[in-house]
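# Structural characterization, general
Given next are the chains, with one letter for each unit.
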Amino acid sequence: ILNVEQSPQSLHVQEGDSTNFTCSFPSSNFYALHWYRWETAKSPEALFVMTLNGDEKKKGRISATLNTKEGYSYLYIKGSQPEDSATYLCAFHGGATNKLIFGTGTLLAVQP
Amino acid sequence: DTAVSQTPKYLVTQMGNDKSIKCEQNLGHDTMYWYKQDSKKFLKIMFSYNNKELIINETVPNRFSPKSPDKAHLNLHINSLELGDSAVYFCASSQGNFLAAQETQYFGPGTRLLVL
């Protein structure tokens, strides 16, 4: 059984705080790691797709790093804003399984 | 324009009924998926089709049958609905080479199914 775990489950921060959360995944048969942002009552939207160990991706105030050898990825949000409030999902793609395996997400709430 | 659309958005029905959920994508993608969001909020793959051919069929009861009339549509038919089928079902699509693990998947808005 392939497990993708995210921590923390939920996070409450004040506007302007920087924050980060973790995605842990199997370190064998790694093909790609996806990050999605999922606002309530909307569809998950892709943030990043990461494939190489040591990858760093950035989109505005959001960035992500990848360590495939130890099986984790960090998502960072700098200067959180209320509109960043959402669930952040990671998904692991191991080639042998030929499918995305999602974590349960980290629910971020940014208080104005 | 909506990229991946699902109908209906909400579906409330009685146990034992047969129902269908429709999904359409206008992105020109070759691969489409059905996911189920379970009670623990996990998104789990159910089926995947590439250019109308079944690629992935997870351990899903036979009561669930996907149908892909063309590569822009992937419908989900559920026979003899059970209480445990209550969940949110998401359709998604990706560009086409399903073996390309780095392809982004684009999700529909979800269909909230409640079986009474």
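The following paragraphs examine the structure supplied in this document. (Residues numbered from 1 in each chain as written. Chains lettered and ligands numbered in written order. Predicted model: local features only at pLDDT ≥ 70, side-chain atom pairs only at ≥ 80, totals over all residues. Heavy atoms only, no water.)

## Points about the state of the cysteines
Formally, a disulfide is one covalent bond, and it connects the sulfur atom of one cysteine to the sulfur atom of another. With the rule as written, the count across this model stands at two disulfides over all chains. Bridging C23(A) to C90(A), the disulfide has an S-S length of 2.0 Å. Here the S-S torsion is close to 80°, and the disulfide linking C23(A) with C90(A) is therefore right-handed. A residue pair is termed long-range when its members are at least 10 positions apart, and C23(A) in strand β3 (residues 19-24) and C90(A) in strand β9 (residues 86-94) qualify at 67 residues. Of the two residues, C23(A) and C90(A), both sit in the buried class. Two residues, C23(B) and C91(B), share a disulfide whose sulfurs are 1.8 Å apart. The disulfide joining C23(B) to C91(B) has a torsion of about -75° about its S-S bond and is therefore left-handed. Of this pair, C23(B) sits in strand β3 (residues 19-25) while C91(B) sits in strand β9 (residues 87-94), and the two are 68 residues apart along the sequence. A relative accessible area of 0% means that C91(B) is categorised as buried. (Disulfide = S-S within 2.5 Å. Helix = DSSP H or I, 4+ residues; strand = E, 2+ residues; numbered from the N terminus. Buried < 20%, exposed > 50% of the residue type's maximum accessible area, 1.4 Å probe, protein only.)

## Comments concerning the pattern of salt bridges
Two side chains with opposite charge may pair up if their charged atoms get near one another. Here the structure, examined in full by the defined rule, presents eight salt bridges over all chains. Notably, a salt bridge pairs E39(A) with R37(A), separated by 3.0 Å at the nearest N-O pair. On the accessibility criterion, R37(A) (13% relative accessible area) is buried. One salt bridge in this structure joins K99(A) and E58(B), with 2.6 Å as the shortest N-O distance. With K99(A) in strand β10 (residues 99-102) and E58(B) in the loop between β6 (53-57) and β7 (64-70), this pair bridges two chains. Given a relative accessible area of 27%, E58(B) falls into the partly exposed group. A cluster of three or more residues bridged by salt bridges with shared partners is formed by R37(A), E39(A) and K42(A). (Salt bridge = Lys/Arg side-chain N within 4 Å of Asp/Glu carboxyl O.)

## Digging into the pairing of strand β7 (residues 62-67) of chain A
Residue and element names in this part refer to chain A. In terms of burial, β7 is largely enclosed, as five of its six residues are buried. Pairing analysis gives four bridges linking strand β6 (residues 56-59) to β7, with the strands arranged antiparallel. Across the sheet, K59 pairs through a bridge with I62, a residue of β7. Between the antiparallel neighbours β6 and β7 lie two residues, among them G60 with a positive phi of about 65°. Of the pairings in the sheet, the one linking β7 to strand β8 (residues 72-77) comprises six bridges and is antiparallel in character. Bridged to S63 within β8 is Y76. Where β7 hands over to β8, the hairpin turn is made up of four residues, of which G71 adopts a positive phi near 75°. (Pairing = 2+ DSSP bridges.)

## Quick look at the sheet that holds β7(B)
All names here are of chain B. Strand order in the open sheet formed by four strands is β1-β3-β8-β7, and the pairing between neighbours is antiparallel. Of all the strands in the sheet, just β1 (4-7) and β7 have a single pairing partner and so form its edges. Within this sheet the neighbouring strands show an average axis-to-axis angle of 20°, counted without direction. (Axes fitted to C-alpha atoms, helices over the stretch in contact; angles between N-to-C directions.)

## Side note on the sheet that holds β3(A)
All names here are of chain A. The sheet built from five strands is open, its strands ordered β1-β3-β8-β7-β6 with antiparallel pairing. The open sheet terminates on both sides in strands that have one partner only, identified here as β1 (5-7) and β6. Sheet twist, expressed as the average angle between the axes of neighbouring strands with direction ignored, equals 15°.

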